[in-house]
Amino acid sequence: MRGLAAVPSYVVMQPTTLCNLDCAYCYLPLRAADRRMSVAVAEAVAASVNPWAAAGRFSVVWHGGEPLAAGREQLAALMAPFAADVEHHVQTNATLVDDAWCEFFAAQRMRVSVSVDGPRERNGDRTDRAGRPAYDRIVRGVAALRRHGLPFSALAVVNDPSPGRATELYDYCLDLGCEVLGVNIEETEGVNRRDNSHDAAAVTGFWAELVSAWRRDPRIHLREVEWSLRYAAAVLDGTADDLLPRRLDPIPTVAYDGSVVVLSPELAGFSDPRYGDFTSGNVLTRPLAAILADADRTAWVGEFISGVEACRSSCPYFGFCGGGHAANRYFELGRFDGTETEHCRNSKIRLLEGVLEHARDHQSPGA
Ligand code: SF4
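Residues numbered from 1 in each chain as written. Predicted model: local features only at pLDDT ≥ 70, side-chain atom pairs only at ≥ 80, totals over all residues. Heavy atoms only, no water.

Caption draft 1: Fine view of helix H2 (residues 72-79). Looking only at H2, the buried set comprises Gln74, Leu75, Leu78 and Met79. Each buried residue of H2 sits inside an arc of 130 degrees when the element is viewed along its axis, so together they form one side. Considering only its buried residues, H2 is in contact with helix H1 (39-55), strand S2 (59-62), strand S3 (87-92), helix H3 (99-108) and strand S4 (110-115). (Buried < 20%, exposed > 50% of the residue type's maximum accessible area, 1.4 Å probe, protein only. Helix = DSSP H or I, 4+ residues; strand = E, 2+ residues; numbered from the N terminus. Arc of directions from axis to C-beta. Contact = heavy atoms within 4.5 Å.)

What follows is the structure in structure tokens.
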């Protein structure tokens, strides 16, 4: 794995900076402002994306703010320039989802992922700007998805990985009816400066417990656990070196104004005296394909690639992790060429250790 790939596997688009909620752990700096993406930005992105989609599977992920806060008319206008074979995904808090939105998702063949942190009492950080809890509105949106027979994923933030929480979350998601579950241990990034350090054994135990809950009833694709099992299987087969891509996926985020930030959507909207505004270009003045072709010359990206190489030579978990996320390094360490972060301890190292702990606890006595 050396440098950035010229073609990403997906593009993140920000139709509006606005979110109708104000979650306590949110990283977004501009979520109270409604800055909308223009159709000209979407057309410019589509000019690069459409040929990529013609050559193989390709996704656009609509991510905010809250993407539905842009409204159906605006979102439809932004999606229109993309070819029919581009897959569209939306990450939503679901509070605005109603029958009309469900009809829109079905007509656009849009795949929906809902942010929900488990039962009501685990969603205390999720409020609107008046401090009103969002939970009832979230489950109303999910009920609309189910009424329309639309499959959906769930994405949960966990900030207290204490015993019982993993089982509670998994069982909740079984009842919710999601097909896929992604779990994020809360991260210190963007405008969220809350501490994300936890007792190592507690986090390892959380992941081990999640594997146990999943194995009892594996109806849900459990994102992190499936990654870990794929890695463990590849180690046993001697094929682990083939799992990491040869070059890093640039995962461009196109902000509302057309500016492009690679690798970490969480850096969009921030600036730093050393690194500037983290952007690698703007699709209104240069094609996205051209921006990505030399994005590894962006100053901070070069520093990040050095950090990935430092991980490769120092960390026994590198084959699984691939070097972690740029934004976590920046927001935790203040630079991009460090190695371990609380995020990688919580979500890579202890994840893998949790899966192994589960395996050790359940191996047959004669094994
Ligand atoms: S687990 Fe942390 S230190 Fe190890 S490779 Fe990943 S980011 Fe680097």
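Resuming the write-up.
Caption draft 2: Representation of the packing of helix H6 (residues 200-216) against helix H12 (residues 342-361) in the model. For the pair H6 and H12, interaxial distance at closest approach is 7 Å and the crossing angle is 55 degrees. Judged by the angle between their axes, H6 and H12 are oblique. Where H6 crosses over H12, the handedness of that crossing is right-handed. Each of Ala200, Val203, Thr204, Gly205, Trp207, Ala208, Val211, Ser212 and Arg215 in H6 lies in contact with H12, whose residues at this interface are Asn346, Ser347, Arg350, Leu351, Glu353, Gly354, Val355, Glu357 and His358. Here the contact of H6 with H12 is built from residues that sort into 7 nonpolar, 7 polar and 4 charged. (Axes fitted to C-alpha atoms, helices over the stretch in contact; angles between N-to-C directions. Parallel < 35°, antiparallel > 145°, perpendicular 65-115°, else oblique. Left-handed = near helix turned anticlockwise from the far one by under 90°. Nonpolar A, V, L, I, M, F, W, Y, C, P; charged D, E, K, R; others polar.)

Caption draft 3: Up close: the sheet that holds strand S1 (residues 10-13). The strand order across the open sheet formed by 10 strands is S7-S6-S5-S4-S3-S2-S1-S8-S9-S10, and the pairing between neighbours is mixed. Each end of this open sheet is capped by a strand with a single partner; those strands are strand S7 (221-222) and strand S10 (281-282). Both strand S6 (residues 180-185) and S7 contribute to a ladder of 2 bridges, which runs parallel. Counted as the bridge partner of Leu181 is Leu222 from S7. Strands S2, S3 and S4 of the sheet are contacted by H2, whose axis makes an angle of about 155 degrees with S2. (Pairing = 2+ DSSP bridges.)

Caption draft 4: Here's a closer look at the pairing of S3. Within S3, 5 of the 6 residues are buried, leaving the element largely enclosed by the surrounding structure. As for the winding sense of the linkage, the β-α-β connection from S2 through H2 to S3 is right-handed. Handedness of the crossover joining S3 and S4 through H3 is recorded here as right-handed. (Right-handed = clockwise from strand over helix to strand, strands pointing away.)

Caption draft 5: Quick peek at the nonpolar core. Counting residues in each nonpolar core, the largest one holds 113 residues, and the members touching the most others are Met13, Val45, Trp62, Phe82, Phe105, Leu181 and Trp300. It is H1 that provides the largest number of residues to this core, a total of 8 residues. Setting aside residues no more than four positions away along its own chain, Phe82 makes contact with Met13, Ala42, Val45, Ala46, Val49, Asn50, Val60, Trp62 and His88. (Core = buried A, V, L, I, M, F, W, Y, C linked by side-chain atoms within 4.5 Å.)

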